[in-house]
Amino acid sequence: MTRLALGAAVSLGALAGAASIASAKDMMVIQTKDGEIDIQLRPDLAPNHVKQIEAIAKKGSYDGVVFHRVIDGFMAQTGDVQYGKSGGGYSADSVGTGGSDMPDIKAEFSKEPFKRGTVGMARSQDPNSANSQFFIMFADGSFLNGQYTVVGQVTKGMDVVDKIKKGSADDNGSVADPDKMVSVKIQ
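Position numbers for residues start from 1 in each chain and track the written sequence from start to end. Local features are withheld for residues below a pLDDT of 70 in this predicted model, meaning they are given only at 70 or higher, and side-chain atom pairs are given and counted only at 80 or more; totals for whole chains, interfaces and linings count all residues. Neither water nor hydrogens contribute to the side-chain values; these are computed over all heavy atoms in the structure.

Peer 1: Sorry, what's going on with the nonpolar core here?
Peer 2: Nonpolar side chains tend to gather and get buried jointly when the protein is soluble and globular. Formed by 32 residues in total, the largest nonpolar core has its most connected members in Met28, Ile30, Ile39, Tyr62, Phe134 and Met181. Among the elements of the structure, β1 (27-32), β2 (35-41), α2 (47-58), β6 (118-121), β7 (134-137), β8 (150-156), α3 (158-162) and β10 (183-186) are those that each provide at least two residues to this core. Numbering goes from the N terminus for both helices and strands, where a helix is a DSSP run of H or I of at least four residues and a strand is a run of E of at least two. Top element by residues in this core is α2. It accounts for four residues. Residues enter a nonpolar core if they are buried and are Ala, Val, Leu, Ile, Met, Phe, Trp, Tyr or Cys, with the set joined through side-chain atoms within 4.5 Å. A 1.4 Å probe rolled over the protein chains alone gives each residue an accessible area, and that area as a share of the maximum for its type sets the label: buried under 20%, exposed over 50%, partly exposed in between. Among the nonpolar cores identified, the runner-up in size contains eight residues, and Leu45, Ala122, Leu144 and Val150 belong to it.

Peer 1: How should the packing of aromatic side chains be read in this particular structure?
Peer 2: By convention here, two paired aromatic rings are described through the distance between centres and the angle between planes. Stacked, tilted and edge-to-face are the three classes assigned to paired rings of Phe, Tyr and Trp, where Trp is represented by its six-membered ring and a pair needs centres within 6.5 Å; plane angles under 30 degrees give stacked, over 60 edge-to-face, the rest tilted. Taken as a whole and assessed by the stated rule, the structure comprises four aromatic pairs. Considering the side-chain rings of phenylalanine 114 and phenylalanine 135, the 5.8 Å spacing of their centres and the 20 degrees angle between planes classify their relative orientation as stacked. In this pair, phenylalanine 114 is assigned in the loop between β5 (75-78) and β6 and phenylalanine 135 in strand β7, connecting sequence segments 21 residues apart. Grouping aromatic residues by their ring pairs yields a cluster made of Phe114, Phe135 and Tyr148. Only when the NZ of Lys or the CZ of Arg is both within 6 Å of the ring centre and within 35 degrees of the ring normal is a charge said to sit over the ring. Stacked on the ring of tyrosine 148, the Lys or Arg arginine 123 has its end atom at 4.1 Å from the ring centre.

Peer 1: Looking at this structure, how should I read empty space enclosed by the protein?
Peer 2: If a probe the size of a water molecule is rolled over the atoms, the empty space left behind becomes visible. Two kinds of site are reported from a 1 Å grid over the protein atoms alone, namely cavities, where a 1.4 Å probe fits but cannot get out, and pockets, open sets with protein on both sides within 12 Å along at least five of seven lines, and residues are called lining when an atom falls within 4 Å of a point. Grid points are joined across faces, edges and corners, and a volume is the space filled by probe spheres set on the points. Within the structure shown, the criterion is met by one cavity of 30 Å³ or more. In this model, the largest cavity occupies a volume close to 30 Å³. Residue lining of the largest cavity: Thr32, Lys33, Asp34, Val160, Lys163, Ile164 and Asp179, and that is the complete set. Under the convention adopted here, Pro, Cys and the residues Ala, Val, Leu, Ile, Met, Phe, Trp and Tyr are nonpolar, Asp, Glu, Lys and Arg are charged, and Gly plus all remaining residues are polar. Its residues assigned to classes, the lining of the largest cavity comprises two nonpolar, one polar and four charged.

Encoded structure:
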């Protein structure tokens, strides 16, 4: 029994190691004016969402997109490639309502909790309306569990996330002269 249990543990450990090596390719690196944010994407939880995020990033569509809704103690939202591109295509009135030229994605809810550093997909009231926008949690948010799709976790740079310019509490986190994602790369 002991050898069998030990053999199973070694096999499981090898599988876990292989899984972490395989998932290392699903790293999203966001460069901001304050530094780098590394996000380990989770195709094991949300394969369709991760595939779409990676496709948008590889096209360079996230580069220059602002953090348009940032609520202190809650989250920083970005990813509106239609109306959120600083310098060109930015619309203060429409930012947060747009997406990409790709189709909306069916929800991929999981049991993964929303905690500090979790990255989730933004959506409208329709659970199947996520497209390109995502948010990074400043703090735990268990009230989101099972209601939004978890796509990743910040592995480096939470100090950079904490520096993102906060929005107005009176205007649902709307940010005047917002910070932006200078570049977004998939590694």
